[in-house]
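As a plain string of letters, each chain reads:
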Amino acid sequence: MFLQSLFTAISTWGIGMEAKQRIIQELVPGKQITLAHIIANPDNVLYEKLGLNPAVEYSKSAIGVLTVSPAETAIIMADIAIKASGVELGFVDRFSGSVIVTGTVSEVDAAIGAILLYVEQTLGYTVCGITRT
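Residues numbered from 1 in each chain as written. Predicted model: local features only at pLDDT ≥ 70, side-chain atom pairs only at ≥ 80, totals over all residues. Heavy atoms only, no water.

Visitor: How should the overall build of the protein chain be read in this particular structure?
Guide: When its secondary structure is counted, the protein chain shows three helices and eight strands. A fraction of 57% describes how many contacts in the protein chain between residues 6 or more apart in sequence connect residues 24 or more apart. Carbon and sulfur atoms form 58% of the exposed surface of the protein chain, whose accessible area is close to 8200 Å². (Helix = DSSP H or I, 4+ residues; strand = E, 2+ residues; numbered from the N terminus. Contact = heavy atoms within 4.5 Å. Areas by Shrake-Rupley, 256 points an atom, 1.4 Å probe, with all protein chains shown as cover.)

Next comes the structure, spelled out in C-alpha cells:
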C-alpha cells in the first residue's frame, strides 16, 4: 500500500506570540504501481495540453497513464511499453515515477498489461488494476 505520512509540528515563538503551524509532507516509497489508467478516444485538447504528438488519428487513439514508486522504475516501464506493443512514449519522469504512452486502445492496453505483469511477477511489486475512461 502506498505509504504517505503527514507530520505536523506546532511550535510557539515566545510568550504572547501566536502558535505557528508547519506541515511537512514526506513520501515513503513502497514497491508499487499506484495508477494504471487508459483514456480511450481523448479530446484533441488533452493531447495538446499534455504536449503529446498531435499528428495522431484521434478517433482511434488512447493515452495510458501510470505512476510507480520507486520512481526510477518508470524507466523500466517505458522500455517494456515500447517493446510490448506499437505505443509511442509520450512522457517518462524518473523523479516522479510518471509514464505516459500513446497509441491505439489495443496497443496501450497491451503495453500497460505487459508492464503490470512484469513489475508484479519479476520485480515483486504490488500493482493496481487497470482503470478506463
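Visitor: Can you walk me through the nonpolar core in this structure?
Guide: A general tendency of soluble globular proteins is for nonpolar side chains to be buried together. Counting residues in each nonpolar core, the largest one holds 20 residues, and the members touching the most others are Ile33, Leu66, Met77, Val108, Ile112 and Ile115. Taken together, the elements giving at least two residues each to this core come down to strand E3 (32-40), strand E4 (61-69), helix H2 (73-84), strand E6 (98-104) and helix H3 (105-121). If you tally residues by element for this core, the top one is H3, at six residues. Counting residues in each nonpolar core, the second largest holds five residues, with Tyr47, Leu52, Ile63 and Ile100 among its members. (Core = buried A, V, L, I, M, F, W, Y, C linked by side-chain atoms within 4.5 Å. Buried < 20%, exposed > 50% of the residue type's maximum accessible area, 1.4 Å probe, protein only.)

Visitor: What's the story with the packing of H2 against H3 in this structure? I'm lost.
Guide: If you want to describe how two helices pack, look at the angle between their axes and the distance between the axes. Closest axis-to-axis distance for the H2/H3 pair is 8 Å, and the angle between their directions is 130 degrees. Between H2 and H3, the crossing angle belongs to the class labelled oblique. Regarding H2 and H3, the two cross each other, and that crossing is right-handed. Counting all contacts with H2, which are made through Ile76, Met77, Ile80, Ala81 and Ala84, the residues of H3 involved are Ala110, Ala111, Ala114, Ile115, Tyr118 and Val119. Class assignment of the residues belonging to the contact of H2 with H3 gives a composition of 11 nonpolar, no polar and no charged. (Axes fitted to C-alpha atoms, helices over the stretch in contact; angles between N-to-C directions. Parallel < 35°, antiparallel > 145°, perpendicular 65-115°, else oblique. Left-handed = near helix turned anticlockwise from the far one by under 90°. Nonpolar A, V, L, I, M, F, W, Y, C, P; charged D, E, K, R; others polar.)

Visitor: What exactly am I supposed to notice about H3 here?
Guide: Between its terminal C-alpha atoms H3 stretches 24 Å, which fits the 24 Å expected from 17 residues at 1.5 Å a residue. Within H3, burial applies to Val108, Ala111, Ile112, Ile115, Leu116 and Val119. In an axial view of H3, the angular spread of the buried residues amounts to 130 degrees, which keeps them on one side of the axis. Summarising the geometry of H3, the exposed residues directed more than 90 degrees from the buried face are Ser106 and Gln121. Considering only its buried residues, H3 is in contact with E3, E4, H2, E6 and strand E7 (126-127). (Expected span 1.5 Å × (residues − 1). Arc of directions from axis to C-beta.)

Visitor: Explain the environment of valine 105 to me, please; I cannot follow it from the model alone.
Guide: As for its position among the elements, valine 105 is in helix H3. With relative accessibility at 36%, the residue valine 105 sits in the partly exposed group. Separated by 65 residues in sequence, valine 105 and alanine 40 have C-alpha atoms that sit 6.1 Å apart.

Visitor: Got a minute to help me understand the pattern of salt bridges in this structure?
Guide: Here the idea is simple: oppositely charged side chains can pair when their charged atoms come close. Using the criterion set out here, one finds two salt bridges in the structure. Its salt-bridge partner being lysine 83, residue aspartate 79 comes within 3.1 Å of it at the nearest N-O pair. Residue aspartate 79 and its partner lysine 83 are located together in helix H2, separated by four residues, close to a single helical turn. For lysine 83, a relative accessible area of 64% translates into the label exposed. The salt bridge involving aspartate 109 is made with arginine 132; its shortest N-O contact spans 2.7 Å. Within this pair, whereas aspartate 109 is found in helix H3, its partner arginine 132 is found in strand E8 (residues 131-132), the two being separated by 23 residues in sequence. Take aspartate 109: its relative accessible area is 30%, and that puts it in the partly exposed class. (Salt bridge = Lys/Arg side-chain N within 4 Å of Asp/Glu carboxyl O.)

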